[in-house]
Amino acid sequence: FILHGNGATVVKPNLKLAPYNYTDNQIKNLRMFVNSGANYNDAQTEIRDVTIDGNAFSMWNPLVDSKYKYEQAVFFMVNGTADHHLKIQFDNVHFLNHFASSITINNYADVTITNSDSFNCLKGICTVVGDGNNINCDNISADSDYGFTAFWVEINSSIAGQRTNY
């Protein structure tokens, strides 16, 4: 999968309005892009030169609603397997206004994030939750009007006792 945005902006629609009419629970568990379970090791997903706007504030007010109301609604989910590492590169990607993390890396992925940033994304530009990942970041930044974090690492209890390098 290759997405070269050439400077375009992709905006998630307001999912509470027609034609979607999603409930809070549906929104909480919706991921926009999922790259999972590849059957090959050599192919690479590339996302570059694009702004991705999660449009969160048309559906959620973190000053009134629970900050974690939609925390599982990550924008880009990465989940490989021990046999099939996913290779993903983000370059010059600008993430705006996401309920959760811009990129969540679960397991067994080789991810490179360069020249990218996030603004007003609850868990920042990247959340790492699993094992077997190789993550390289260069020239990334995050900022927020709401005190959100920039880079989030969660220790997953299902991998307790295994060695994980961050």
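Source: prediction; values computed, not measured.

Q: Can you help me understand the environment of Ala8 in this one?
A: For Ala8, the location among the structural elements is in strand E1 (residues 2-11). Ala8 sits 44 residues away from Ile52 along the chain, and the two C-alpha atoms are 8.6 Å apart. Ala8 has contacts with Asp49, Val50 and Thr51, leaving out every residue within four places of it along the chain.

Q: Whenever I open this one, the environment of Met77 confuses me. Can you help?
A: Counting through the fold element by element, Met77 comes out in strand E4 (residues 76-79). What makes Met77 buried here is its relative accessible area of 7%. If near-sequence neighbours (up to four positions away) are discounted, Met77 is found in contact with Arg31, Phe33, Val34, Asn35, Thr104 and Asn106.

Q: What exactly am I supposed to notice about the nonpolar core here?
A: A general tendency of soluble globular proteins is for nonpolar side chains to be buried together. Core analysis: the largest hydrophobic core is formed by 20 residues, its most contacted members being Val78, Phe90, Val93, Phe95, Ile103, Val111 and Ile113. When contributions to this core are tallied by element, the ones reaching two or more residues are strand E3 (44-53), E4, strand E5 (86-98), strand E6 (103-105), strand E7 (109-121) and strand E8 (126-128). Considering every element that reaches this core, the biggest residue donor is E5, with five residues. When near neighbours in sequence (up to four residues on either side) are disregarded, Ile103 contacts Phe76, Val78, Phe90, Phe95, Ile113, Ile125, Cys126 and Thr127. Counting ten residues, the second largest nonpolar core, distinct from the first, contains Ile27, Met59, Phe99 and Phe148.

Reading the values: rules and limits
Residues numbered from 1 in each chain as written. Predicted model: local features only at pLDDT ≥ 70, side-chain atom pairs only at ≥ 80, totals over all residues. Heavy atoms only, no water. Helix = DSSP H or I, 4+ residues; strand = E, 2+ residues; numbered from the N terminus. Contact = heavy atoms within 4.5 Å. Buried < 20%, exposed > 50% of the residue type's maximum accessible area, 1.4 Å probe, protein only. Core = buried A, V, L, I, M, F, W, Y, C linked by side-chain atoms within 4.5 Å.

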